Amino acid sequence: MIFTKLPKAISAEELLSTPLSPVKWIIPGLLPAGLALFAGPSKAGKSWLTLWLCLQIAQGNPVWDRKIEPHTVIYFSLEDTFNRLQNRIFQLIDGGDAPERLILQTECPSIGQGLEEQIDSLIYTYSDVGMIVIDTLQKVRVSDGNGGMYANDYKEAGALKKIADKYGICILLIHHLRKQTASDPFNQISGSTGLMGVADTSWVMKRKRMSQTADILLTGRDMDDRTLHFREENCIWTLEDEETAEEREIKAVPEYLWKAAEYIESVGNWQGTASELLAAAGIENAKPNQFTYNMAKYFDKVFEPKNIRYKTHRKNKVRLLNFYGDDGDGGDDDIDITQLSGWGIPERPSPSSLGALEGSKHGRSVATGQPAEKPTGTAPNPCEAAGA
């Protein structure tokens, strides 16, 4: 099949009838061609991991059980000396052969001051360049103070993305995280959102100081979000497990919700209080208010696949849950709990609420009415010291 380079403007009909080249993967499923960010805490092992990746790709050796096409790799290790790089490579190859396809440099110009031209020259000099690593991004940045942080980030990252797209290669930028925490780990990437906005792929490393384990979170335009779980030994990172964002969400679902859904599925339509449901299903590790909140939160993961719906309403000062099959039944006088993400329910119910809940008995309930039991209580690394 002959692939076509498209013009800047094209009709949808022509686009769908034109054969296009597939995404080029440097590491299948994890790192495509384009501009990529790899951010992590200082001295967390990013440079060791990056150098190991460069060696594997240059030799065409597998990376975390993924087959690799060998490519020439150019590594701008701008915070290291050749002595340090030599020692690290000796340790990483452990008596093996060092690849000729890995080209190392410890100096280069900045963006807009000769870096782009130097990359052009290196790609012309060395055949089959597949990846260029810049470690670290901050070493090649020049802020002119005009246009604000976002504009500068977007401009500088955009200049490197333009080169990556021009040659169909991956340019991997090693970067740092802010010290401030954030609910979204990708918001911890140092700088403005302009960097991640330009990048085709972003990796964020999460590792506690001195720990032998770490997670890398991945997101990108050409890939599913996923998390990789690693263990480090002798400065080599071994992949222990990986999961997609959907798999990660499923793992976050409390086990008692699955148990409750199985019970409701087995008995059919059911009505009663949360306490009664916990007792009937034999669940002993959840409080009623916690259970009710998580039912709403994870409804689409647990109950919807089993075609279970439920409503809630108050009667005699207690809240009743009414579970039924997905037959379209419902009433305007009831609240559909599946539309609620949270009710502002306190973590600990008041004594009067508990008394009302536990004292309520309903003829239509198959539960025992007994409250559920309360749950019971629940050396320096050389790879850190030697580099980022």
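Above this text is the structure in question.
Numbers given for residues are sequential positions, taken from 1 along each chain in its written order. Where local features are concerned, this predicted model is filtered to residues with pLDDT of at least 70; where side-chain atom pairs are given and counted, the filter is 80 or more; whole-chain, interface and lining totals use all residues. Hydrogens are left out, water is left out, and the side-chain values use all remaining heavy atoms of the structure.

Caption draft 1: Structural detail: the environment of Ala36. Here a strand is any run of E in DSSP of at least two residues, a helix any run of H or I of at least four, and the numbering for each starts at the N terminus. Take Ala36: it is sitting in strand β3 (residues 34-40). On the accessibility criterion, Ala36 (1% relative accessible area) is buried. In sequence terms Ala36 and Leu172 are 136 residues apart; their C-alpha atoms lie 4.7 Å from each other. Residues contacting Ala36, with those up to four places away along its chain left out, are Leu31, Cys170, Ile171, Leu172, Leu173 and Thr201. For the exposure calls, accessible area comes from a 1.4 Å probe over protein chains only, and a residue counts as buried if that area is under 20% of its type's maximum, exposed if over 50%, partly exposed in between. Two residues qualify as a contact provided that any one of their heavy atoms is within 4.5 Å of a heavy atom in the partner residue.

Caption draft 2: Local environment of helix α5 (residues 148-167). Its 20 residues give α5 an end-to-end C-alpha distance of 30 Å, which sits within 8% of 28 Å, the value for a rise of 1.5 Å per residue. Buried within α5 we find Asn152, Asp153, Glu156, Ala157, Leu160, Lys161, Ile163 and Ala164. For α5, the elements touching its buried residues are β3, α4 (115-125), β6 (129-135), β7 (170-176) and α6 (193-198). Following α5 by one or two positions, Gly168 has its phi on the positive side, about 65°. One less than the residue count of a helix, multiplied by 1.5 Å, gives the span that helix is expected to have.

Caption draft 3: Here's a closer look at the nonpolar core. Buried Ala, Val, Leu, Ile, Met, Phe, Trp, Tyr and Cys residues that are joined via side-chain atoms within 4.5 Å together make up what is termed a nonpolar core. In this structure, Ile27, Leu49, Trp64, Met131 and Trp203 are the most contacted members of the largest nonpolar core, which totals 42 residues. If we skip the residues at most four places from it in the chain, Ile27 touches Leu53, Ile57, Val63, Arg66, Ile68 and Trp203. Within the second largest apolar cluster, 32 residues are counted, among which are Ile111, Val129, Ala157 and Val198.

Caption draft 4: How the structure looks around the packing of α4 against α5. Note on geometry: axes are C-alpha line fits, over the in-contact stretch for helices, and angles between N-to-C directions span 0 to 180 degrees. At a closest axis distance of 11 Å, the pairing of α4 and α5 adopts a crossing angle of 20°. The angle between α4 and α5 falls in the class roughly parallel. The interaxial crossing formed by α4 with α5 has right-handed handedness. Counted together, Leu115, Glu116, Ile119, Asp120 and Ile123 of α4 and Ala159, Leu160, Ile163, Lys166 and Tyr167 of α5 form the full contact between these two elements. Side-chain classes follow a simple rule in which Ala, Val, Leu, Ile, Met, Phe, Trp, Tyr, Cys and Pro form the nonpolar group, Asp, Glu, Lys and Arg form the charged group, and the remainder, Gly included, forms the polar group. Split into classes, the residues belonging to the contact of α4 with α5 amount to seven nonpolar, no polar and three charged. When describing relative orientation, an angle under 35 degrees is termed roughly parallel and one over 145 degrees roughly antiparallel, while 65 to 115 degrees is termed roughly perpendicular and anything else oblique. Put simply, a crossing is left-handed when the front helix is turned counterclockwise from the back one by less than a right angle, and right-handed when it is turned clockwise.

Caption draft 5: Here's a closer look at the sheet that holds strand β10 (residues 223-233). Across the sheet, which stays open at both edges, the nine strands sit in the order β5-β4-β6-β7-β3-β8-β9-β10-β11 with mixed pairing between neighbours. Each end of this open sheet is capped by a strand with a single partner; those strands are β5 (102-105) and β11 (236-244). When strand polarity is set aside, the average angle formed by the axes of neighbouring strands in this sheet is 20°. Whether two strands pair depends on DSSP finding at least two bridges between them. Relative to β10, strand β9 (residues 213-220) runs antiparallel, the two being bridged by seven bridges. When the sheet's bridge partners are listed, Leu217 is paired in β10 with Thr227. The strands that α5 touches are β3, β6 and β7; relative to β3, the one it contacts most, it runs at about 130°. In this fold helix α7 (residues 245-252) packs onto β10 and β11, with an angle of close to 75° to the strand it touches most, β11.

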